[in-house]
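Letter by letter, the chains look like this.
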Amino acid sequence: VQLVESGGGLVQAGDSVRLSCVGSGRTIFSYTIGWFRQAPGKEREFVAAITWNGGTIQYADSVKGRFTISRDNAQNTGYLQMNSLKPEDTAVYSCAAGSVLATTNTGDYYYWGQGTQVTVSS
């Protein structure tokens, strides 16, 4: 499975951005999709996850109420809608696919994309 993220860029505080994660090589239909981010000088952190059928969704406290994770299994694609962006959301955002429940642990994800940069200016 190869995952490719897109949709990042330079935005202003308060703006919205939608990230996409397209899977290829094999369907990601049965996998949980997770989004993680890593800011300069910081460890990678969990952002959101959604199980294969959307039945379970988890968010990091820092993004609850602002970010929405979703997926379109027919398109083999996951999404992360980010609203009300803040400068502290600046990071490289990566999607990942794993076979367990909506876990926050990076070790539970088997496949990773290269990431897309999101920069939020104040």
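Notes on the structure in this doc start here. Every value quoted in this text rests on a predicted model; they were computed, and no experiment measured them.

This paragraph deals with the overall build of the protein chain. Helix and strand content of the protein chain: 0 helices and 11 strands. Reading the protein chain from its N end, one meets helices and strands in the order β-β-β-β-β-β-β-β-β-β-β. In terms of overall dimensions, the protein chain has a C-alpha envelope of 40 × 25 × 25 Å along the principal axes. Burial analysis of the protein chain (122 residues in total) assigns 42% to the buried set. Counted over contacts in the protein chain with a minimum sequence separation of 6, partners at least 24 positions apart contribute 57%. A total accessible area of about 6,100 Å² is found for the protein chain, and carbon and sulfur atoms account for 47% of it. Of the charged side chains in the protein chain, 9 are positive and 9 negative; the average position of the first set lies 3 Å away from that of the second.

What follows is about the nonpolar core. Core analysis: the largest hydrophobic core is formed by 31 residues, its most contacted members being L19, W35, V47, F67, L80, M82 and Y93. Of all the elements in the fold, those that place two or more residues in this core are strand 3 (17-24), strand 4 (32-38), strand 5 (45-50), strand 7 (67-72), strand 8 (77-82), strand 9 (91-98) and strand 11 (116-121). Beyond its immediate stretch of four places on either side in the chain, L80 contacts V17, R18, L19, W35, V47, A48, F67, T68, I69 and Y93.

What follows covers the sheet that holds strand 1 (residues 2-6). If you walk across this open sheet you meet the 4 strands as 1-3-8-7, and the pairing is antiparallel. Strand pairing shows two members of the sheet lacking a second neighbour, strand 1 and strand 7, which therefore form its edges. Between one strand and the next, the sheet's axes are offset by a mean angle of 15°, whatever the strand orientation. Both strand 7 and strand 8 contribute to a ladder of 6 bridges, which runs antiparallel. Note that in strand 8 the partner of S70 across the bridge is Y79.

Analysis parameters
- Residues numbered from 1 in each chain as written.
- Predicted model: local features only at pLDDT ≥ 70, side-chain atom pairs only at ≥ 80, totals over all residues.
- Heavy atoms only, no water.
- Helix = DSSP H or I, 4+ residues; strand = E, 2+ residues; numbered from the N terminus.
- Buried < 20%, exposed > 50% of the residue type's maximum accessible area, 1.4 Å probe, protein only.
- Contact = heavy atoms within 4.5 Å.
- Areas by Shrake-Rupley, 256 points an atom, 1.4 Å probe, with all protein chains shown as cover.
- Lys, Arg positive; Asp, Glu negative; His and termini not counted.
- Charge placed at Lys NZ, Arg CZ, Asp CG, Glu CD.
- Core = buried A, V, L, I, M, F, W, Y, C linked by side-chain atoms within 4.5 Å.
- Pairing = 2+ DSSP bridges.
- Axes fitted to C-alpha atoms, helices over the stretch in contact; angles between N-to-C directions.

Geometric values such as these leave the question of function open.
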